[in-house]
Amino acid sequence: MKVLKFGGSSVQTAERIKNVIEIIREEKSARAVVCSALGGITDQLIQTGQLAANQNPIYLSIWSEIQDRHLVLIEELIHESEKEEIIQAIKTKLLELENVLRGVFLLREFNARASDYVSSFGERLSCYIIAAACRERGIQAEYLDTRKVIITNEDYGVAQVNFSLSNENIQKYFLEHPNLQIITGFIASTPKGITSTLGRGGSDYTASIFAAALMAEELEIWTDVDGVMTADPRKVSKAFSIERLSYEEAMELSHFGAKVIYGPTMAPVLQKDIPIRIRNTFNPAFPGTLVSADSNGTKRIVKGITSVGKVAMVNVWGGGMVGISGVSARLFGALAREKVNVILISQASSEHSICFAIKPEDAQRAKEALEQEFDRELSEGSIYRVEVTENLCIIAAVGENMHHSSGVAAKFFTALGKNGINIRGIAQGSSELNISVVIQQEDEVKALRTVHQAFFLSDIKTIHLFVVGVGLIGGTFLKQLSEQQQYLLDEYKLEVKVIGLSNSKKQLFMPEGITLKYWQEHLSEALESADIDQFIWQMTQLNLINSVFIDNTASAKIAHVYEKILQRSISIITPNKIASSSSQELYQTLKKTAKKHNVLYLYETNVGASLPVLSTLKDLIDSGDRILKIEAILSGTLSYIFNTFDGKTPFSQVVRKAKELGYTEPDPREDLNGSDVGRKILILARECGYTLEFEEVEIKAFLPENCMQAASVDDFFKELSKSDDYFKEMHRQVAAEGKVLRYIARFENHKAEISLQAVDQNHPFYIMQGSDNILAFTSLRYPERPLVIKGSGAGAEVTAAGVFADLMRVANYL
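Residues numbered from 1 in each chain as written. Predicted model: local features only at pLDDT ≥ 70, side-chain atom pairs only at ≥ 80, totals over all residues. Heavy atoms only, no water.

Asker: Looking at this structure, how should I read the overall build of the protein?
Answerer: Broken down by element type, the protein carries 32 helices and 29 strands. Against the globule reference of 28 Å for 814 residues, the protein gives a C-alpha radius of gyration of 37 Å, more extended than a compact globule. Viewed in the frame of its principal axes, the protein has a C-alpha envelope of about 120 × 70 × 55 Å. Here the protein holds 814 residues, and the buried ones make up 54% of them. Intrachain contacts of the protein at a sequence separation of at least 6 include 72% that bridge at least 24 residues. Roughly 35500 Å² of accessible area belongs to the protein as shown, and the carbon and sulfur atoms make up 48% of that amount. Within the protein, the 101 negative side-chain charges are centred at a point lying 1 Å from the centre of the 86 positive side-chain charges. (Helix = DSSP H or I, 4+ residues; strand = E, 2+ residues; numbered from the N terminus. Rg over C-alpha atoms; globule rule 2.2 N^0.38 Å. Buried < 20%, exposed > 50% of the residue type's maximum accessible area, 1.4 Å probe, protein only. Contact = heavy atoms within 4.5 Å. Areas by Shrake-Rupley, 256 points an atom, 1.4 Å probe, with all protein chains shown as cover. Lys, Arg positive; Asp, Glu negative; His and termini not counted. Charge placed at Lys NZ, Arg CZ, Asp CG, Glu CD.)

Next comes the structure, spelled out in structure tokens:
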């Protein structure tokens, strides 16, 4: 024999009730079916009582809506032959309700007892109609008002069941009534026959009481989701159904906010070892979740991630609490007298403080009660103060296999830490069935997604990107990412979503991800104007896990907001050299901020595009090496120019060709003046641990002053052509010595300088091609033969590839 229970969402409309009846028909072993009020009706009933008590005549309009809804339901479910009888019975009940509400209106009082009576009409109306609809469809069903059989005390609103008497009544009733019973959930009565209710989850509790009393083989609770989920699907889109849970796991999940099943529901069936199955009314073929004495059907360490939103934390601390017995007893005794329910407790082993979480509405009352209880200690200073912090929530990971596995807590806290979620309190029982943390309310959804991904989606990691700058480098990066998205998912289980995009004119946000194939169209159709401050605000408001900001611009304004981004625990990837080559103070601040907030600040492309320069340096230094000298060709533009210049083609034509190929900035002087190379050697020196400012980098100009002072780019080329003979002669002299011209940056003895030099065939920079960059590091480990890194150092493809490589570094870190 089975007991079935259907919630309000399952019986909300006529179509849904028809679906319920078909499920009942298929469940041949069902003897008892517990139903809730129609979805939303209980709230309306309580509202009518409250309005009536305030003498607001609108209560009659709501009463009328309730009546109309039930009468329409009868029209849709019952044929003409029985319709009048059913309508008359429902009208009689509704008239009874109206009379009660008029009494509340006159007395101006709507106490707990009256509330129980008024709210009982929801189940009484729905179950009467459902029983009639079952008979209409050939099912021998009777309506059972549970006030006849379930007896409680007089704690209205949360009445306590007299199981001995109730079980006897239920068993006797079922012996006398062999037909299927459609049973009112939620309601009961006192020994005096006064209507009472069973509190939150009361209909589930009713079903459990009947299942235990009748020794059912299983209790099926039919709801609107596929069983108990690994997390709230409204907050975690990738949540999925849990196959099996133990009673203890289910109770922990229910205590910490899981709405599918309530703690009191399990008590009666747990004592009789009766399994509970949670199923979906709208997907009856799905097996749902089985709750039983054990959960050996699954080996998952953590079964579910859940939360309790909107809590306050009270902290009582002071040196006078250490080693003093009875402090906790007095503290919790004071709370008990005020009927303050404690959700979570945490106490340091030093006994210096006790903190606990409660509902926000109880916070002030709790604070006053404790201040009164410890008035003497507060006056003496042995207890310093009682603090209340609001706008908090609790995140809990639940699973009875946790105590068999090491590293669960580490995984839990690491996941939160890497996403910048600060923990205010921790609680874990010795059984390790539950790990709970208190965090800021604003981080609730982010924390749920973070921990859920860590424990349930560890094979798939999601990265959320916010990309500013979609010109040549940014656009190429998005093209590369689009081509690689499926590969990353298939080979590395890495899901990369671009959430925000911005160019110089517009910005776009799509929380579910921008389709990269059409990113240009999406951005061109965006309505929001580009604003970096607004972009950062929206990015931080979304508060997504594993967020990464990519700056593909050369903007100083954007570079100077990096600190704010890092403080929000968002990693940064950038080919923009401005931040790392600005003041030493800013450089150090960004490095320290990234470390403090457990994120990455990556700028590999600042020096050698996609060449592994900074990462190699870091590996050398981290392993104990020390860099003594750096020599480098750091400009792909200048590398191309001097590799191409052969003394036959005029120097000005070589520079013009470089511009046409896209190797130079629109104004080539920005490359030829050496400042870009200056920033790069500065960054390299800083990465080696040296303190250096840009003003200390000596840049020796090789262009005539008249070229640098030209009014326009066209004028620059005119002036440069006048110097062609000068460069031709320079090349002739160098070639006569068997040397070549190279624009070299050098750092040695705390001094950085950049100049055009002639090198012979014994120098590692002698053989160069195209726009290649080359770097030679002389160190303690490489004192005579330097470590050389060489490769393409210019162009959108290689720079974008460097950005992509940094993205993979972030993905491996998170």
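Asker: Would you mind showing me how to read the packing of aromatic side chains here?
Answerer: Any pair of aromatic rings gets described here by the distance separating the centres and the angle formed by the planes. Within the structure shown, the criterion is met by 27 aromatic pairs. Between Trp317 and Tyr384 the ring centres are 4.9 Å apart and the planes differ by 85 degrees, which places this aromatic pair in the edge-to-face class. A residue pair is termed long-range when its members are at least 10 positions apart, and Trp317 in strand β11 (residues 304-317) and Tyr384 in the loop between α13 (375-380) and β14 (385-398) qualify at 67 residues. Of the residues examined, Trp317 reaches a relative accessible area of 21% and is grouped as partly exposed. Take Tyr384: its relative accessible area is 40%, and that puts it in the partly exposed class. Clustering of aromatic rings is evident, with ring pairs tying together Phe642, Phe645, Phe651, Phe702, Tyr726, Phe727 and Tyr743. Here Arg679 stacks its cationic end above the ring of Phe694, 5.6 Å away from the centre of that ring. (Phe/Tyr/Trp six-rings, centres within 6.5 Å; stacked < 30°, edge-to-face > 60°. Lys NZ or Arg CZ within 6 Å of the ring centre and 35° of its normal.)

Asker: Which parts of the structure should I look at to understand the sheet that holds strand β17 (residues 461-468)?
Answerer: Adjacent strands of a sheet form backbone hydrogen bonds with each other and so pair up, either parallel or antiparallel. The sheet built from 7 strands is open, its strands ordered β20-β19-β18-β17-β21-β22-β23 with mixed pairing. With partners counted over all chains shown, the strands left at the sheet margins are β20 (528-529) and β23 (601-602), one partner each. Of the pairings in the sheet, the one linking strand β18 (residues 494-502) to strand β19 (residues 506-509) comprises 3 bridges and is antiparallel in character. Across the sheet, the residue bridging to Ser502 is Gln507, located in β19. (Pairing = 2+ DSSP bridges.)

Asker: Can you walk me through the state of the cysteines in this structure?
Answerer: In a disulfide, the sulfur atoms of two cysteines are covalently bonded to one another. Applying the stated rule across the entire model yields 0 disulfides. Cys393 forms no disulfide, and the closest cysteine sulfur to it belongs to Cys355, at a distance of 15 Å. A relative accessible area of 0% places Cys393 in the buried class. (Disulfide = S-S within 2.5 Å.)

Asker: I tried to follow the packing of helix α2 (residues 41-53) against helix α4 (residues 80-107) on my own but got confused; where do I start?
Answerer: The description of two helices packed together rests on the angle between their axes and the distance between the axes. Two elements in contact, α2 and α4, have axes whose closest approach is 7 Å; the angle formed by their N-to-C orientations is 35 degrees. Pair α2 / α4 crosses with right-handed handedness. Counting all contacts with α2, which are made through Leu45, Thr48, Gly49, Ala52 and Ala53, the residues of α4 involved are Leu97, Leu101, Val104 and Phe105. The residue inventory of the contact of α2 with α4, partitioned by class, reads 7 nonpolar, 2 polar and no charged. (Axes fitted to C-alpha atoms, helices over the stretch in contact; angles between N-to-C directions. Left-handed = near helix turned anticlockwise from the far one by under 90°. Nonpolar A, V, L, I, M, F, W, Y, C, P; charged D, E, K, R; others polar.)

Asker: What's the story with unusual backbone geometry in this structure? I'm lost.
Answerer: Glycine aside, the phi torsion of most residues is negative, and most peptide linkages are trans. Look at Met215: it is not a glycine, yet its phi comes out positive at around 50 degrees. Inspection of the secondary structure puts Met215 in the loop between α8 (202-213) and β7 (218-223). One non-glycine residue, Ala609, lies in the positive phi region at around 55 degrees.

Asker: Help me understand the nonpolar core, please; the structure alone is not making it clear to me.
Answerer: Within soluble globular proteins, side chains that are nonpolar tend to cluster in buried spots. The biggest cluster of nonpolar side chains holds 76 residues, and the ones touching the most others in it are Phe549, Ile641, Phe651, Ile681 and Leu684. The greatest single-element share of this core, amounting to 6 residues, is contributed by helix α28 (residues 675-687). Setting aside residues no more than four positions away along its own chain, Leu684 makes contact with Val607, Val613, Leu614, Leu617, Ile630, Leu634 and Leu775. Of all hydrophobic cores here, the second largest spans 55 residues; its members include Ala14, Ile41, Ile66 and Ala133. (Core = buried A, V, L, I, M, F, W, Y, C linked by side-chain atoms within 4.5 Å.)

Asker: Would you mind going over the pattern of salt bridges with me for this structure?
Answerer: Applying the stated criterion to the full structure yields 41 salt bridges. A salt bridge links Arg376 to Glu380; the shortest N-O distance between them is 3.3 Å. Here Arg376 pairs with Glu380, and both are found in helix α13, just 4 residues apart, close to one helical turn. Across the pair, exposure class does not vary: Arg376 and Glu380 are exposed alike. For Glu687, the salt bridge identified is with Lys591, shortest N-O distance 3.5 Å. Remark: Lys591 occurs in helix α22 (residues 584-596) and Glu687 occurs in helix α28; sequence separation between them is 96 residues. For Glu687, a relative accessible area of 18% translates into the label buried. A single network of salt bridges, built from pairs that share partners, joins Arg330, Arg337, Glu373, Arg376, Glu377 and Glu380. (Salt bridge = Lys/Arg side-chain N within 4 Å of Asp/Glu carboxyl O.)

Asker: What's the story with helix α3 (residues 58-77) in this structure? I'm lost.
Answerer: Three- or four-residue spacings in an α-helix give side chains the same orientation, since the helix completes a turn every 3.6 residues. Spanning 20 residues, α3 covers 29 Å between terminal C-alpha atoms, matching the ideal 28 Å at 1.5 Å per step. For α3, the elements touching its buried residues are α1 (14-26), α2, α4 and α6 (121-136). (Expected span 1.5 Å × (residues − 1).)

Asker: Could you clarify how one ought to interpret the sheet that holds strand β8 (residues 244-246) in this entry?
Answerer: The strand order across the open sheet built from 8 strands is β3-β4-β2-β1-β7-β9-β10-β8, with neighbouring strands paired in mixed fashion. Of all the strands in the sheet, just β3 (141-144) and β8 have a single pairing partner and so form its edges. Across the sheet, the mean angle separating the axes of adjacent strands is 20 degrees when strand polarity is ignored. Pairing of β8 with strand β10 (residues 289-292), which is carried by 3 bridges, proceeds in the parallel orientation. Looking across to β10, one finds that Leu245 is bridged to Val291.

Asker: Please explain α8 as it appears in this structure.
Answerer: The first and last C-alpha atoms of α8 sit 16 Å apart over 12 residues, in line with the 16 Å expected at 1.5 Å per residue. Buried residues dominate α8, accounting for 12 of its 12 residues. For α8, the full list of buried residues reads Gly202, Ser203, Asp204, Tyr205, Thr206, Ala207, Ser208, Ile209, Phe210, Ala211, Ala212 and Ala213. Just beyond α8, the residue with positive phi is Met215, at close to 50 degrees.

Asker: Whenever I open this one, the environment of Ile24 confuses me. Can you help?
Answerer: Inspection of the secondary structure assignment puts Ile24 in helix α1. Owing to a relative accessible area of 4%, Ile24 belongs among the buried residues under this scheme. Along the sequence, Ile24 and Ile139 sit 115 residues apart, while their C-alpha atoms lie 8.9 Å from each other. Beyond its immediate stretch of four places on either side in the chain, Ile24 contacts Phe6, Val33, Cys134, Ile139 and Leu180.

Asker: Even after reading the chapter, I still don't get the side chain of Asn167, so can you show me in this structure?
Answerer: The residue Asn167 is located in helix α7 (residues 163-176) in this model. Apart from the residues within four sequence positions on either side, Asn167 is in contact with Ile209 and Ala213.

Asker: Sorry if this is basic, but what is going on with the environment of Phe477 here?
Answerer: Within the secondary structure layout, Phe477 lies in helix α16 (residues 472-492). Taking the relative accessible area as the measure of exposure, Phe477 reaches 0% and is therefore buried. Sequence separation between Phe477 and Trp317 is 160 residues; the distance between their C-alpha atoms is 53 Å.

Asker: What exactly am I supposed to notice about the environment of Asp155 here?
Answerer: When you line up the elements, Asp155 lands in the loop between β3 and α7. For Asp155, a relative accessible area of 41% gives the class partly exposed. C-alpha separation for the pair Asp155 and Ser196, spaced 41 residues apart in sequence, amounts to 7.8 Å.

Asker: Can you help me understand the pairing of β14 in this one?
Answerer: Within a regular strand, the side chains alternate between the two sheet faces. Both β11 and β14 contribute to a ladder of 11 bridges, which runs antiparallel. Of the residues in β14, the one forming a bridge with Thr306 is Ala396. Taken together, the 7 bridges between β14 and strand β16 (residues 434-440) define a ladder with antiparallel strand orientation. Pairing of Leu392 across the sheet is with Gln440, part of β16.

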